[in-house]
Amino acid sequence: MIIPHLTSLVIFLPLLGAILILLMGRTQQAKWTALVVTTVTFVLSLGLYIGFDPAISTAESPQIASVFAWFPDAFDIKYFVGIDGLNLLLVLLTTLFGPIVVLSSWTYIKKHQKGYYALMLVLQTGVTGVFTAFDIFLFYVFFELTLIPMYFIIGIWGGENRIYAALKFVLFTLVGSLLMLVALLALGYLAGDAVNGGIFTTDWYKLVEYNIPVETQKWLFLLFALAFAIKVPLFPFHTWLPDAHVQAPTGGSVILAGVLLKMGTYGLVRFCLPFFPNAANEYAMMFAILAVIGIIYGALVSRAQPDLKKLIAFSSVSHLGFVVLGIFAFTPEAMQGAMIQMINHGISTGALFLIVGMLYERRHTRLMTDFGGIAKSVPVLSFFMIFTVMASAGIPGLNGFVGEFLILIGAFKSSVLDSPALVALATTGVIFASVYLLWMVHRTFWGSLENEENRTMKDLNLREILLLAPLVVLMVVLGIAPNSFLQLSEPVVQDLLQTIETKRIAAEAAPLRLAAEATPLHLAAEPAEAAPLHLAAEATPLRLTAEPAEAAPLHLAAEPAEAAPLHLATDSE
């Protein structure tokens, strides 16, 4: 039996935990409270997985939903949250990272602990709300909510240039989201007039019903897509990401790479494609080209980085380029690959940031030149790093291979992109990923162990092993049994692609239908008397010949009475 309003409970339980932490008198209790709250939230979220039935269509409403109207008489704006095949795994990933992030900060965060853990819980509420919202205004509220805690997490607990990184993160994201707000308001009014009786609406299902005119689609799509492209981040909007990752504390980097970046790719799938199918189809090649540039650029720049954290940050630009390529291929394989790759990237890259954070706690440096040969002193840590690197590089049998393989196969088959050369270029990103990741492992873990600090470095403790173990298990499970996860999203992906195609055809056919409807109006507008006058003119040559007298009445019946005598008199002469 599903707990009533379970989705809402999973969203807001961390927020309640944050309030409780702020009311506490003792700082030491904050991290224990955060750990308990995030663990309970994760356990409750498993109920969403157990209660979700992929065989039930979500074409009309999500499962495990909570709905109530905010302005029932004036505006069709609702609190509307629920679960479907597109967001279930993302919600589970978010709740899984909750206790992991708290444990990763256990000894790292030493100042303002109450504020740090409270902000982490608020951030979890915002991200979960983004993934579960089926009212686009509610989605926007949660989308903006994530900015506030992340800004303070970077700005207070970050590195030396934390203020610069925090401001850059907020400014980039805020510009995109404000442009999205303009498009959201315009879309709400247009859809309200068209499908909701003139009442402004932000209901996702009603907005999907609205066939937006093609020209209007274009500018609305660009405003929405820009906001999400910045959040991904898609090349060339990626410059805020390395600064944010490098300056953020370990927990901030993990939550940023694990789930926050997925808000951009999820937004493209959830909103841009079904709302604006014609515009998405028209700009698909542009986004695919930017994605492939990001794949190659991110990989090459990663290879040049001396800092471990910066290398992983640029690798995210490369890996998420694959996700964007899959989204705009418009094939079931590529879309499924994009959905599972969001999860795979979150798991693998989150684990990499955790391991780099563990190294930093031991040596207070992230430069590869300061390490070397540490596989001999920290074998357990080295095992987890090498295993995670293989998963991130896309080794068959591990999670990274599944998503990238489906994306490349689907993109190769895409009739929208229709560019095998572009897909071939994207494939080089897999090769480059192996190069920079193996280069990083070689410089950091192999070679001679000369530095005394590296020689005496402590290996992972039980807490740190417990952090990484579930992520490693998921890398294996997703790699060898991906269908158990893919089947959750397959029905809704098929429905989404069908909706996109149906709406695209309907929007393209709309001008033809209008022209056909206009034809009878045009004919009806012609003067009725024009027809006999035209016929009379054509009949003149026949009347010039000698006609029998009895032919005249026939002619007079078709003509005005006064025209006949004049015409006959001329003939008799």
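The preceding data block contains the structure.
Reading the values: the criteria
- Think of each chain on its own: its residues are numbered from 1, step by step along the sequence as written.
- This being a predicted model, a pLDDT of at least 70 is required before a residue's local features are given, and a value of 80 or more before pairs of side-chain atoms are given or counted; all residues contribute to the totals for chains, interfaces and linings.
- Calculated side-chain values reflect all of the structure's heavy atoms, with hydrogen atoms and water omitted.
- Any residue under 20% of the maximum accessible area for its type is buried, any over 50% is exposed, and the rest in between are partly exposed; the area is computed with a 1.4 Å probe on protein chains only.
- Secondary structure elements follow DSSP: runs of H or I of four or more residues count as helices, runs of E of two or more count as strands, with numbering from the N terminus.
- Between any two strands, at least two bridges found by DSSP are needed for them to pair.
- In this description, contact between two residues means that some pair of their heavy atoms is separated by no more than 4.5 Å.
- Every axis in this analysis is a line fitted to C-alpha atoms, fitted for helices over the stretch in contact. Angles between the N-to-C directions lie between 0 and 180 degrees.
- Throughout, the term roughly parallel applies to angles under 35 degrees, roughly antiparallel to angles over 145, roughly perpendicular to angles from 65 to 115, and oblique to all others.
- What makes a crossing left-handed is the near helix being turned counterclockwise from the far one by less than a right angle; a clockwise turn instead makes it right-handed.
- For this scheme, ten residues count as nonpolar: Ala, Val, Leu, Ile, Met, Phe, Trp, Tyr, Cys and Pro. Four count as charged, namely Asp, Glu, Lys and Arg, and the remainder, Gly too, count as polar.
- By definition here, a salt bridge exists when the distance from a side-chain nitrogen of Lys or Arg to a carboxyl oxygen of Asp or Glu is within 4 Å.
- How far a helix is expected to stretch is found by multiplying one less than its residue total by 1.5 Å.
- Joining through side-chain atoms within 4.5 Å is the link that ties buried Ala, Val, Leu, Ile, Met, Phe, Trp, Tyr and Cys residues into a set, and such a set is a nonpolar core.
- Here is the rule: rings of Phe, Tyr and Trp (six-membered ring for Trp) pair when centre to centre is within 6.5 Å. Planes less than 30 degrees apart are stacked, more than 60 are edge-to-face, and the remainder are tilted.
- Throughout this description, the term charge over a ring refers to an Arg CZ or Lys NZ atom that lies within 6 Å of the ring centre and within 35 degrees of the ring normal.

Undergrad: I would appreciate a short explanation of the pairing of strand β2 (residues 78-83) in the present structure.
TA: Side chains on a regular strand alternate between the two faces of the sheet. Of all six residues that make up β2, six are buried, and the element is covered over most of its length. On β2, burial covers both faces: K78, F80 and G82 on one face and Y79, V81 and I83 on the other are all buried. In the sheet, strand β1 (residues 63-69) pairs with β2 via five bridges, with the strands oriented antiparallel. Of the residues in β2, the one forming a bridge with V67 is F80.

Undergrad: What's the story with the environment of V175 in this structure? I'm lost.
TA: By the secondary structure assignment, V175 is in helix α7 (residues 162-195). A relative accessible area of 49% means that V175 is categorised as partly exposed. Along the sequence, V175 and L226 sit 51 residues apart, while their C-alpha atoms lie 9.3 Å from each other.

Undergrad: What am I meant to see in the side chain of T265 here?
TA: Summarising the element assignment, T265 is placed in helix α12 (residues 262-275). With residues up to four places along the chain from it excluded, the contact list for T265 reads V232, V323, V324, I327 and M342.

Undergrad: What exactly am I supposed to notice about the packing of helix α4 (residues 113-132) against helix α6 (residues 147-157) here?
TA: A packed helix pair is summarised by two numbers, namely the angle formed by the two axes and the spacing between the axes. Axis separation between α4 and α6 bottoms out at 9 Å; the angle between their running directions is 150 degrees. Taken together, the axis directions place α4 and α6 in an arrangement best described as roughly antiparallel. By crossing handedness, the relation of α4 to α6 is classed as left-handed. Packed against α4, whose contacting residues are G115, Y116, L119, M120, V122 and L123, the element α6 presents P149, M150, F152, I153 and W157 at the interface. Of the residues belonging to the contact of α4 with α6, the class tally is 10 nonpolar, one polar and no charged.

Undergrad: Explanation requested: the pattern of salt bridges in the structure shown.
TA: Oppositely charged side chains can form a pair if their charged atoms are brought close together. Here the structure, examined in full by the defined rule, presents 13 salt bridges. The closest approach of N and O atoms between K78 and D76, which form a salt bridge, is 2.7 Å. Taking the shortest distance from any N to any O, the salt bridge between K218 and E282 comes out at 3.4 Å. Pair noted here: K218 is in helix α9 (residues 214-231) and E282 is in helix α13 (residues 277-282), with a separation of 64 residues, a long-range link. By relative accessible area, E282 is classed as partly exposed at 44%. In this structure, a network of salt bridges that share partners links the residues D76, K78, D203 and K206.

Undergrad: What exactly am I supposed to notice about α4 here?
TA: Turn by turn, an α-helix covers 3.6 residues, leaving residues three or four places apart pointing in a common direction. With 20 residues, α4 should reach 28 Å at 1.5 Å per residue; the first-to-last C-alpha distance of 29 Å fits that figure. The buried count for α4 comes to 18 of 20 residues, which makes it a mostly enclosed element.

Undergrad: Is there a simple way to think about the nonpolar core in this case?
TA: In terms of nonpolar packing, the biggest core is built from 188 residues, with F221, F224 and F328 touching the most fellow members. For this core, the element with the highest residue contribution is helix α16 (residues 332-363), accounting for 16 residues. If sequence neighbours within four positions are ignored, F224 has contacts with I136, M180, A183, L184, L187, C272 and F276.

Undergrad: Before we go on, may I ask you to explain the packing of aromatic side chains in this structure?
TA: The description of an aromatic ring pair uses the distance of the two centres, along with the angle that the planes make with each other. Taken as a whole and judged by the stated rule, the model has 38 aromatic pairs. Consider the rings of F287 and F328, whose centres lie 4.7 Å apart with planes at 15 degrees: the pair is stacked. On the criterion of sequence distance, the pair formed by F287 in helix α14 (residues 284-303) and F328 in the loop between α15 (308-327) and α16 is long-range, its members being 41 residues apart. Pairing F401 with F405 gives two aromatic rings, centres 5.4 Å apart and planes at 20 degrees, and the pair type is stacked. Within this pair, F401 and its partner F405 are both found in helix α18 (residues 399-413), separated by four residues, close to a single helical turn. Looking at F405, the relative accessible area reads 43%, which means it is partly exposed. The rings of F139, F143, F221, F224, F228, F271, F275, F276, Y283, F287, F328 and F330 are connected pair by pair, giving a single aromatic cluster. Over the ring of W204 we find R270; its NZ or CZ atom is 5.4 Å from the centre of that ring. Note that R363 overlies the ring of F371, its terminal NZ or CZ placed 5.7 Å from the centroid.

Undergrad: Quick question: what am I supposed to make of helix α17 (residues 379-393) here?
TA: An ideal rise of 1.5 Å per residue puts 21 Å on 15 residues; α17 measures up with 21 Å between its terminal C-alpha atoms. The complete set of buried residues in α17 reads L381, S382, F384, M385, F387, T388, V389, A391, S392 and A393. Considering only its buried residues, α17 is in contact with α15, α16, α18, α19 (420-445) and α21 (462-480). One or two residues past the end of α17 sits G394, with phi positive at roughly 85 degrees.

Undergrad: So what exactly am I meant to see when it comes to the packing of α14 against α15 here?
TA: Packing of α14 against α15 leaves a shortest axis separation of 7 Å and a crossing angle of 155 degrees. Of the possible angle classes, the one that applies to α14 and α15 is roughly antiparallel. Taken as a pair, α14 and α15 cross one another with a handedness that is left-handed. Across the interface between the two elements, F287, A288, A291, V292, G294, I295, Y297, G298, A299, V301 and S302 from α14 touch L311, F314, S315, V317, S318, G321, F322, V324 and L325 from α15.

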